[in-house]
Every structure is written in structure tokens, then in C-alpha cells.
Amino acid sequence: MRAIAAANPKSFTHLLLLITLATLGLTAQQAWTQGSVPSGYRFVQFDAPGSGTVPYSGTEAVSINSRGATTGYVVDNSYGTHGFVRNPDGTVVVFDPPGADPVIGGTYPVGINGRGVIAGGFGDSYAVYHGFLRNPDGTFTVFDAPGVSPGVGNYLGTQPQSINARGEIAGIYEGADFVGHGFLRAPDGKITVFDDPAEGVGSYQGTWAYGINDKGEISGAVTDPAGGSHGFVRSAKGDYTDFDFPGETSTAFNSALINNQGVTAGYYATPTGFVAGYERSAEGLVTTFVPAVSAGATAVWTFGLAADGTTLGRVVDANSVGHAFIRSPGGKTVVFDVSKPVSNPNGWGSELWGKNEEGVIVGQFIDAGFVDHSFLLIHNSGCRPVKSCRSEKTE
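Just so you know, these numbers come straight off a predicted model, no measurement behind them.

Some thoughts on the packing of aromatic side chains
Tallied over the entire structure, the rule returns 24 aromatic pairs. Between Phe143 and Phe183, the aromatic rings sit 6.2 Å apart at their centres with planes inclined by 75 degrees, giving edge-to-face as the arrangement. With Phe143 in strand E10 (residues 140-143) and Phe183 in strand E13 (residues 180-185), the pair connects residues that are 40 residues apart, well separated along the chain. Arranged with centres 4.3 Å apart and planes meeting at 5 degrees, the rings of Phe245 and Tyr268 form a pair that is stacked. Residue Phe245 is found in the loop between strand E18 (240-243) and strand E19 (257-258), and its partner Tyr268 is found in strand E20 (residues 264-269); the two are separated by 23 residues along the sequence. Put simply, the rings of Phe243, Phe245, Tyr268 and Tyr278 pair up and form one aromatic cluster. Its guanidinium or amino end placed over the ring of Phe143, Arg185 lies 4.9 Å from that ring's centre, counting from NZ or CZ. Its end group placed over the ring of Phe194, Arg234 keeps NZ or CZ at 4.4 Å from the ring centre.

Structure, rendered in C-alpha cells:
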């Protein structure tokens, strides 16, 4: 459960203080009874070829498109990391872009659009990251944001974060100065770099672009000169709207995804170190949330934002166990586990990463041996296109 995506908490080095809801005064959302896979859904587990069986290896799906194709990465028994795409018929193709070093750098897809184009990043043998685009026919385009001088061995460089239906890719690039910048890659290959006017230019400051919708609006975080983090939305014309969270003037960090309605969602760190989820309407109203769990929540990681405003992710409890959650636009939340919960120092467990237009949900979980597996949740009422659901068999 690791990725180069800066919006993934596994890439953060911040020390998070584990504290209770009562200390924070945050209100937990009313939830259904915590339990196993929600009724009405069919559970389909899958593992990519070559998926490891040693601790902290396995298959980790992170995105699903409208046709039911999923992408993510697979860690083998040698801890080499490769990309994969799982087609709607269940076949899985494992891949590495040209120049990728699976062990030193790894391959990390971040999204797949409706045409089956995959965007992501990979590290080479010098620990420098590059962006890639994989076409449905298996051909690759490798690219770097202009002006990047990441140095050798720093695990810096070009890091795509999201792809939209038109094939536009938004992401981050970092040079050896450790300052973040946003970039937008057009379908014709032209790359535009951008910086929020509010950004600082010190180490670990800058502009961090995480999401892009089909209108070309980009969401992310901006770190100011004092080190405080804020959310932002960049319009297709290049105008910025920065925002903060209720009761906060800045945070330690935050993420920001965006859908076609202009809704943004993600997570943010409170001044005490607690991580909460949030959703921001297109009009700018921010609602924070903490799904209720029986042992008490200590962190909320929002990984997915669906077209209908549903948010998905993982809530970690006081026993250091992660549980999957689905939160509807109205706030109703279901928390569940797809396998027996396993306590671990990272708070991993069951988590959800996406929901497509047909209601199919993609996620991942760890087993008792700390091995990752991926899964789909398919509603029993069926969905379209037919092939993306009816071809699936419970594994």
C-alpha cells in the first residue's frame, strides 16, 4: 500500500498524532452498523500475475474507468513494483514503461480514463521519476515536465496524479530544491507548468496538483511561505481559488480531488495532527467528516471521489486497523471490512479507491500475512455496460 502519489498518505513523512474524536471536538457521521461487505454487493477479489506473497507485497488497484477496467500496481516477491491493467473480462496485463527500474524506482499508475489510457509515474535506476502514458494498444509515451533538475538518488522528478476523459494529465514536479510545482500535459504532449500565487518557495513548499476533471479544472494543495497548507482549485483559464477548512487558517497538509460538478474532496491535518475527511461544494461550502468506528477513529484518508459526489477511502481506528468507508453526498456512511481486520503499525486494512459511473467500486485489503489484494464491489442490481459486470465471476 504505497505509491509515489503525493495525495497518498503512504508517501507522507509527517508524524501523525493518534488522538480521539473527543479531544478534537469533531463530529462523527451517523453510520450503518460496521461489518462485512455491504448487502446488495458482489465481492470479486483479484491478484495480478506475479503478485507477491511475502509481507508488504501484493496487488493494489487505485483506479477504475466507466467500462470497468482497473489499474494499479503489483509488488512481487523481490519487492519490484510494476503497473497493471485489469480488463473488464478479468484478464490482467502487467507492464513496465521503458526505462523503469522495478526495484529502485517502480511503476505507479494513478488513473485510467474511459478510452483505456493510463497515466502514472515510474522511477529509473538513478531514482529519478518520470511521467508515462500507456495507450490501450500497450504503447508508451514517457515525458518530463520542463525545467526539472531532480538530481540523482532523490526520488524526485515528474509525478502525474490524475488523467481526465480528454487525456489531459495533471501532476507535480519537484527539483533538487524540493519545491513543488504543478503541471498540465495536453493530449498533444504540450506541458504547461504553473504555480499558485500564494505558494512559498522554500524546501517542501510550493504547488501540488492532485486532480483534474473533464473541464480542465485542477485541484490540489498550496504550501505558503510560513509552511501552512491550503486547498486550491485552478480554472481551465488559469485562475486560482484557494480555500481553507472550518476553524483553520492553514493545515500541515491536505489533498484535493475534483469531479465534473466542481466538487472537491480529500483529507486534511488539523493543528493537533488528526487527519479528517472533507468535501467542498462547487459553491465553496466545506463539510468535514469522520466516519464512526467501534474503536474510535484516529485518521480518515479519502482516496476516491465519484461523479455523483460519493467519497471513498479508509478510516483508521485506535487499534491501528484500517476500515473501508463509503460516504454518500447526503452524508450517510457505511464502514466495513472485506477480511478479518489486522492491526499493523501503518493502520492499513480495507480501503476503497474509486467508483465508476455504473456504480462499480474498486479497493484493496491486506490479509493476515500483510499481503495486499484488490477487489471489486458490484451491485447485484447490475450495471452497464453489461460486459463490465456480467462477465465477472466471484473469485
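Digging into the nonpolar core
In this structure, Phe84, Phe253, Val275, Trp301, Val362 and Leu376 are the most contacted members of the largest nonpolar core, which totals 25 residues. Of all the elements in the fold, those that place two or more residues in this core are strand E2 (41-46), strand E3 (58-64), strand E4 (70-75), E20, strand E23 (297-305) and strand E29 (372-379). Core analysis: the second largest hydrophobic core is formed by 18 residues, Val233, Phe243, Phe289 and Val290 among them.

Overview of the pairing of E13
In terms of residue burial, E13 counts as a mostly covered element, since 6 of its 6 residues are buried. Where burial is concerned, the two faces of E13 agree: the one with Gly180, Gly182 and Leu184 and the one with His181, Phe183 and Arg185 are both buried. Sheet topology places strand E12 (residues 169-174) next to E13; 6 bridges connect them, and they run antiparallel. Pairing of Ala170 across the sheet is with Leu184, part of E13. Here E12 folds back onto E13, and the loop between the two strands holds 5 residues, one of which, Phe178, carries a positive phi near 65 degrees.

Criteria and cut-off values
For every chain, the first residue of its written sequence is number 1, and the numbers climb from 1 along that sequence. For a predicted model such as this one, the threshold for reporting local features is a pLDDT of at least 70, and the threshold for listing and counting side-chain atom pairs is 80 or more; totals across whole chains, interfaces and linings nevertheless cover every residue. Calculation of side-chain values draws on the structure's entire complement of heavy atoms; hydrogens and water are dropped beforehand. Pairing of aromatic side chains here covers Phe, Tyr and the six-membered ring of Trp, requires ring centres within 6.5 Å, and sorts the geometry by plane angle: under 30 degrees stacked, over 60 edge-to-face, intermediate tilted. Each helix is a run of H or I in the DSSP string that is no shorter than four residues. Each strand is a run of E no shorter than two, and both are numbered from the N terminus. Two thresholds decide whether a charge sits over a ring: the Lys NZ or Arg CZ must be within 6 Å of the ring centre and within 35 degrees of the ring normal. We define a nonpolar core as any set of buried Ala, Val, Leu, Ile, Met, Phe, Trp, Tyr and Cys residues linked to one another through side-chain atoms lying within 4.5 Å. Accessibility here uses a 1.4 Å probe with only protein chains present; expressed as a share of the type maximum, an area under 20% marks a residue as buried, one over 50% as exposed, and anything in between as partly exposed. At least two bridges found by DSSP between two strands is the condition for calling them paired.

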